[in-house]
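The lines below spell out each chain.
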Amino acid sequence: MEYDVVVRGGVVVDGSGAPRFRADVAIKDRKIAALIDPGDAANVSAAREIDATGLAIAPGFIDLHSHSDWVLPIADHGQILKPFLLQGVTTFVGGNCGFSVAPVMRARQRMLDESGRLCAERKFDWDWDDVAGFAAYLKRQGLALNVAHLAGHGSIRLSVMGADAGEPSAEQLRAMQTMVERAMADGAVGLSTGLGYFPGMIAKPAELAALARVAAAAGGVLTSHLRAYSARSLFFDSNVPHNILAVREMANVAREAGVPLQVSHLIFVGRRTWATVDDTLAEVERHKNDGVDIAFDTFPYTCGNTTIRISFPAWAQTGLEGLLDSSDGWKRLRAELEPTGRYIAESVQLMWAVKPELSHLEGMFFGQIADELRLDPIDAYLTIARESGTRARVLNHLYSGYDYGDEHALRAAMKHPLNLFEMDTILTSHGHHNPASFGTYPRILGHYVRELKLLTLEDAVHKATGMAAKRMRLGARGLVRPGYAADLVIFDPETIGCGADAKTPTVAPAGIEHVMVNGSAVVADGKWCGDGLMAGEWIGRG
Ligand SMILES: [Zn+2]
């Protein structure tokens, strides 16, 4: 048989966690057709050959926690998301943290447009309301990489209830359930929640369980940006670390709904939270042993991107713009932020100020911004919040450790058997970047696998591919195995890495030689193959 492509001379790290082995990989019609023993290689012919001598052949990396569904509906999204392909990412699961572009109700699309500015490259025409319509739109437009999708609880709640901060009526709850049911029928892989953000922060466990049950009935998963990732928060009133209570809350929701729970980006925010890592992981294990299908994910950095709104309490979330415009509101907000003033000054970095005239402040920490603006750090934070229309993007630090220092919490989470890898990055062409957009998987395989030996290569690749595909119901993806999609990354285990960090985030990765999406080369000899290459597919629930 004549194959389309054969990758010769490499070592296969197949994504299952099994030990690496020597084989040539043959591709035909977008799929892996055969694994060929090196002894039989002479009998194999293909239209194209890739020399992988000295290199590893792995499944393309799967980012199971993405916000880039907000960038996809523009035809040039491949240009924006190019750094994902360059680091070997061939698939992402969008719609995370409750905030998805589908399903939505048409009447609310303008409202979602406003909140979407955080994640979107620019405004787009909403051509859909449901997940089927979104998928059809993407199929018509083309996709630079493979995409699966979660229905976001926040988008659904805003669609049904607007900015109403109350509990849903029975009728509203039924309307939300109907949207989840329809999204699952349209191929969504599950339901996402963002309980640190409005409106997720308003939702009680009973509401979440009622919706998760619908996703579970269709075979989907529940992902959750938890209510709290720090030992103390505004959400609980208890001496038990709040991040542990937040895990417990969602594990109980998952138990009640009978749904697999994926705890999103299990970070430990702030120094005193780092000490809770062992107890938090024990809490996860306790629920696992008690029958809850629970797992979690991490990214390999001690900083992460989010909205400037994250620091404001629930009572201020609706009408935040108005509060920032009144002197009384300003005073009340100041008082709320006072206890976190030092964290804001030293550990919150402005990524995107929205207003071009403030772009010189991007990349600075709020302590520096305060000096620039001759304000104190809290007033500087409130000023940027106001001037950006509360849409500014920030990079928060002290997540599970600090740069070039103590990372024991991060490493304990990364190497845990229930951990999977993800990026959680917001990538647009605006502002200061998140290093995760450029270097997540190369950093895992270079720094944590080769240099620190925190995990084996096989284990790390498994958490980034086969384990992720299974967890997120992606069907025949994530393994180098006949019949599976020919999503491949071919890299040098001796040189793979990326020096991107919070100060200089836009560093190209090293050691990634070739990347293929459904059998098409999207990166060859370390270089992006260019604009207009739409090799990706919409992935419905497998
Ligand atoms: Zn999140």
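A quick note: this is a predicted structure, and the numbers were derived from the prediction, not measured.

This part covers the packing of aromatic side chains. In the structure shown here, the tally under the stated rule is 14 aromatic pairs. Consider the rings of Phe-124 and Trp-126, whose centres lie 5.1 Å apart with planes at 55 degrees: the pair is tilted. For the pair Phe-124 and Trp-126, a shared accessibility class is recorded, and that class is buried. Ring centres 5.1 Å apart and planes at 50 degrees place the aromatic pair Trp-128 and Phe-134 in the tilted group. With a relative accessible area of 1%, Trp-128 lands in the buried category. Take Phe-134: its relative accessible area is 0%, and that puts it in the buried class. Through a chain of ring-to-ring contacts, the aromatic side chains of Trp-70, Phe-99, Phe-124, Trp-126, Trp-128, Phe-134, Tyr-137 and Trp-538 assemble into a single cluster.

Below, the discussion takes up helix H17 (residues 436–451). Under the 1.5 Å per step criterion, the end-to-end length of H17 is only 19 Å for 16 residues, more than 12% shorter than the ideal 22 Å. The principal kink in H17, of about 50 degrees, is found at Arg-443. Taken across its 16 residues, H17 has 13 buried, putting it largely inside the fold. Residue Lys-453 follows H17 closely and has a positive phi angle near 55 degrees.

As a further point, take the sheet that holds strand E17 (residues 393–396). Judged by pairing direction, the sheet is antiparallel, and its 3 strands sit side by side in the order E15-E17-E16 without closing on themselves. Each edge of the open sheet carries a strand with a single partner, namely strand E15 (304–307) and strand E16 (348–352). Between one strand axis and the next, the sheet turns by 35 degrees as a mean value, whatever way the strands run.

Right, let's get into the coordination of the zinc ion. The zinc ion binds to the protein through Cys-97 (SG), His-225 (ND1) and His-265 (NE2), with metal-donor distances spanning 2.1 to 2.3 Å. Along the chain, the residues donating to the zinc ion fall in the pattern C-x127-H-x39-H. Of this pair, Cys-97 sits in the loop between strand E9 (89–94) and helix H3 (109–116) while His-265 sits in the loop between strand E13 (261–263) and helix H9 (271–274); the two residues are 168 residues apart in sequence, bridging distant segments of the chain. The two residues Cys-97 and His-265 agree in class, both being buried.

So, about the pairing of strand E19 (residues 488–491). Burial along E19 is two-sided: Leu-488 and Ile-490 facing one way and Val-489 and Phe-491 facing the other are all buried. As defined by bridge partners, strand E7 (residues 56–59) adjoins E19 across 4 bridges and the pair is classed as antiparallel. In the sheet register, Ala-58 faces E19, and the bridge partner there is Val-489.

Tracing the sequence through the fold places Thr-280 in helix H10 (residues 277–289). Overall, the relative accessible area of 0% leaves Thr-280 in the buried class. Once the C-alpha coordinates of Thr-280 and Leu-266 are considered, the two residues, 14 residues apart in sequence, prove to be 9.6 Å apart. Excluding residues within four positions of it along the chain, Thr-280 makes contact with Asn-243, Ile-244, Val-247, Leu-266 and Phe-268. Looking at Thr-280, its side chain comes within polar contact range of the side chain of Asn-243, at 3.4 Å.

This part covers the pattern of salt bridges. Note that side chains of opposite charge can pair when their charged atoms are close. According to the stated counting rule, one finds 34 salt bridges in the structure shown. Of the charged contacts in the structure, one is a salt bridge between Glu-321 and Arg-391, with a shortest N-O distance of 4.0 Å. Placement of Glu-321 in helix H11 (residues 320–325) and of Arg-391 in the loop between helix H15 (377–387) and E17 is noted, with a sequence separation of 70 residues between them. You can call Arg-391 buried: its relative accessible area is 12%. What emerges from the salt-bridge pattern is a single network uniting Glu-114, Lys-123, Arg-309, Glu-321 and Arg-391.

Mapped onto the elements, Asp-379 comes out in helix H15. There is a polar contact of 3.1 Å between the side chain of Asp-379 and the side chain of Arg-334.

With that out of the way, let us pick up helix H5 (residues 153–161). By the criterion of burial, H5 is predominantly enclosed, with 9 of the 9 residues buried. Along H5, the residues that are buried comprise His-153, Gly-154, Ser-155, Ile-156, Arg-157, Leu-158, Ser-159, Val-160 and Met-161. Looking at the buried side of H5, the elements it contacts are H3, strand E10 (146–152), helix H6 (170–185), strand E11 (190–194) and helix H7 (205–217). Positive phi shows up at Gly-162, right after H5, with a value of about 60 degrees.

Reading across the sheet, the 4 strands line up as E5-E4-E1-E6 and stay open at both edges, with mixed pairing between neighbours. In the strand order of this sheet, the two ends are held by strand E5 (31–36) and strand E6 (45–51), each with one partner. Looking at each pair of strands side by side, their axes are set apart by 25 degrees on average, direction ignored. Where strand E4 (residues 24–28) and E5 come together, 5 bridges link them in antiparallel fashion. Residue pairing for E5: Ile-27 is matched across the bridge by Ile-32.

Here is what the cut-offs are and how they apply
Residues numbered from 1 in each chain as written. Predicted model: local features only at pLDDT ≥ 70, side-chain atom pairs only at ≥ 80, totals over all residues. Heavy atoms only, no water. Phe/Tyr/Trp six-rings, centres within 6.5 Å; stacked < 30°, edge-to-face > 60°. Buried < 20%, exposed > 50% of the residue type's maximum accessible area, 1.4 Å probe, protein only. Helix = DSSP H or I, 4+ residues; strand = E, 2+ residues; numbered from the N terminus. Expected span 1.5 Å × (residues − 1). Bend = angle between axes of the 7 residues up to and from the residue. Pairing = 2+ DSSP bridges. Axes fitted to C-alpha atoms, helices over the stretch in contact; angles between N-to-C directions. Donors = N, O, S within 2.8 Å, 3.2 Å for Na, K, Ca; no water. Contact = heavy atoms within 4.5 Å. Polar contact = N/O pair within 3.5 Å; in protein donor to acceptor, adjacent residues only side chain to side chain. Salt bridge = Lys/Arg side-chain N within 4 Å of Asp/Glu carboxyl O.

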